[in-house]
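Descriptive analysis of the structure
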Amino acid sequence: MTARATVRALDTAEVLRRADELADVYQRAFGCSAARRDHFRDTRLAYLPLYDGAVTLAAFEGETVVGFVYGFDYQPDHWWPRLVGPALAEAGHASWTHDAFELNELEVLPEHQGRGHGTALLRALLERLPHRHTLLSTTADPADRAKVLYRRLGFVDLVPGFRYPGVAEPANLMGHRRVTPAPSGQDGQRVQT
């Protein structure tokens, strides 16, 4: 990562204050429409306070957000776990859903990609999480840069070629298993995020 960039956690109030800025990073990273950007801001970011264990980290150059990562506790009764849980179980990976974190987004502005921001964000997130497992979904494209990053930091394919209902392109369900003890507070208890 460049010397000018820093990664820090955003509390929920700051996520909501910076929702437009984060949504712009999302739009530019995906090259998506303004309508999709607004939907991301008005649903996924606005609903973040409703999720247990929500964590958001951002990479900054000065005061400008150049990338972010966020997710929350894997909650079996929520939308994504209801879709992927049966596929993980069928593939013999049901245990990965226990003590798990659901990584939702990792986005970096296109002009800042390749500078280590995604690596710094993902490392900072994994170091912070008390969970034994981190789960995510990404494209099935073997050349996808995000997938290369995830694998480099220890993620493995759990369900390659996963199909979301109504989506033509397959996805890969990936997971990371903590091999070191979870972060702890001074009293030896898990740190709450």
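Everything discussed here concerns the structure shown above.
Below, the structure is looked at part by part. (Residues numbered from 1 in each chain as written. Predicted model: local features only at pLDDT ≥ 70, side-chain atom pairs only at ≥ 80, totals over all residues. Heavy atoms only, no water.)

1. Examining the overall build of the chain
The helix and strand tally for the chain stands at six helices and seven strands. Along the chain, helices and strands appear, N-terminal first, in the series β-α-α-α-β-β-α-β-α-β-α-β-β. At 16 Å, the chain has a C-alpha radius of gyration in line with the 16 Å of a compact globule built from 193 residues. Overall, the chain is about 50 × 45 × 30 Å in size when its C-alpha atoms are taken along their principal axes. Split into buried and exposed, the 193 residues of the chain put 45% on the buried side. Of all intrachain contacts in the chain linking residues separated by at least 6 positions in sequence, the fraction that spans at least 24 positions is 67%. (Helix = DSSP H or I, 4+ residues; strand = E, 2+ residues; numbered from the N terminus. Rg over C-alpha atoms; globule rule 2.2 N^0.38 Å. Buried < 20%, exposed > 50% of the residue type's maximum accessible area, 1.4 Å probe, protein only. Contact = heavy atoms within 4.5 Å.)

2. Digging into the environment of Thr56
Structurally, Thr56 is set in strand β2 (residues 55–61). Assessed through its relative accessible area of 5%, Thr56 is described here as buried. Between the C-alpha atoms of Thr56 and Val69, which are 13 residues apart in sequence, the distance is 5.7 Å. Residues in contact with Thr56, not counting those within four places in the same chain, are Arg8, Ala9, Leu10, Val15, Leu48, Val69 and Tyr70.

3. A short note on the packing of helix α5 (residues 117–128) against helix α6 (residues 145–152)
Where α5 contacts α6, the axes come no closer than 11 Å and their chain directions differ by 45 degrees. Here α5 lies oblique to α6, going by the angle between them. With respect to the hand of their crossing, α5 and α6 are arranged in right-handed fashion. Where α5 abuts α6, its residues Gly118, Thr119 and Leu122 lie against Leu149, Tyr150 and Arg152. (Axes fitted to C-alpha atoms, helices over the stretch in contact; angles between N-to-C directions. Parallel < 35°, antiparallel > 145°, perpendicular 65-115°, else oblique. Left-handed = near helix turned anticlockwise from the far one by under 90°.)

4. As for the packing of aromatic side chains
Taken as a whole and judged by the stated rule, the model has ten aromatic pairs. The interplanar angle of 0 degrees and the centroid separation of 3.9 Å between the aromatic rings of Tyr26 and Phe40 together place this pair among those described as stacked. Note that Tyr26 is positioned in helix α2 (residues 19–30) and Phe40 in helix α3 (residues 34–45), a separation of 14 residues in sequence. Three or more aromatic residues joined by ring pairs make a cluster, and in this case those are Tyr26, Phe30, Phe40, Phe68 and Tyr70. Positioned over the ring face of Phe30 is Arg36, at 4.7 Å from the centre of the ring. The lysine or arginine in question, Arg177, covers the ring of Trp96, its NZ or CZ lying 4.3 Å from the ring centre. (Phe/Tyr/Trp six-rings, centres within 6.5 Å; stacked < 30°, edge-to-face > 60°. Lys NZ or Arg CZ within 6 Å of the ring centre and 35° of its normal.)

5. Thoughts on the sheet that holds strand β4 (residues 100–108)
Read across the open sheet, the seven strands follow the order β1-β2-β3-β4-β5-β7-β6; overall the sheet is mixed. Looking at the sheet topology across the chains shown, the edges are occupied by β1 (5–10) and β6 (156–162). Between one strand axis and the next, the sheet turns through 25 degrees on average, direction left out of account. Of the strands in this sheet, β4, β5 (133–139), β6 and β7 (171–177) touch helix α4 (residues 79–90), which is tilted by about 100 degrees from β6. (Pairing = 2+ DSSP bridges.)

6. A look at the nonpolar core
Soluble globular proteins tend to bury their nonpolar side chains together. If you look at the biggest cluster of nonpolar residues, it comprises 38 residues, and the most contacted ones within it are Phe68, Leu103, Leu106, Leu122, Leu125 and Tyr150. At the level of elements, α2, α3, β2, β3 (64–73), β4, α5 and α6 are the ones that each hand at least two residues to this core. Take this core: its biggest share by element is six residues, from β3. Discounting residues that sit within four places of it in the chain, Phe68 has contacts with Leu22, Val25, Tyr26, Phe40, Leu57, Ala58, Glu105, Leu106, Glu107 and Leu121. (Core = buried A, V, L, I, M, F, W, Y, C linked by side-chain atoms within 4.5 Å.)

7. Things to note about the side chain of Thr97
Locating Thr97 in the fold gives a position in the loop between α4 and β4. Within the local environment of Thr97, its side chain forms a polar contact with the backbone oxygen of Ala94, the two atoms lying 2.7 Å apart. Ignoring any residue separated from it by four or fewer positions in sequence, one finds Thr97 in contact with Tyr74, Leu88 and Leu135. (Polar contact = N/O pair within 3.5 Å; in protein donor to acceptor, adjacent residues only side chain to side chain.)

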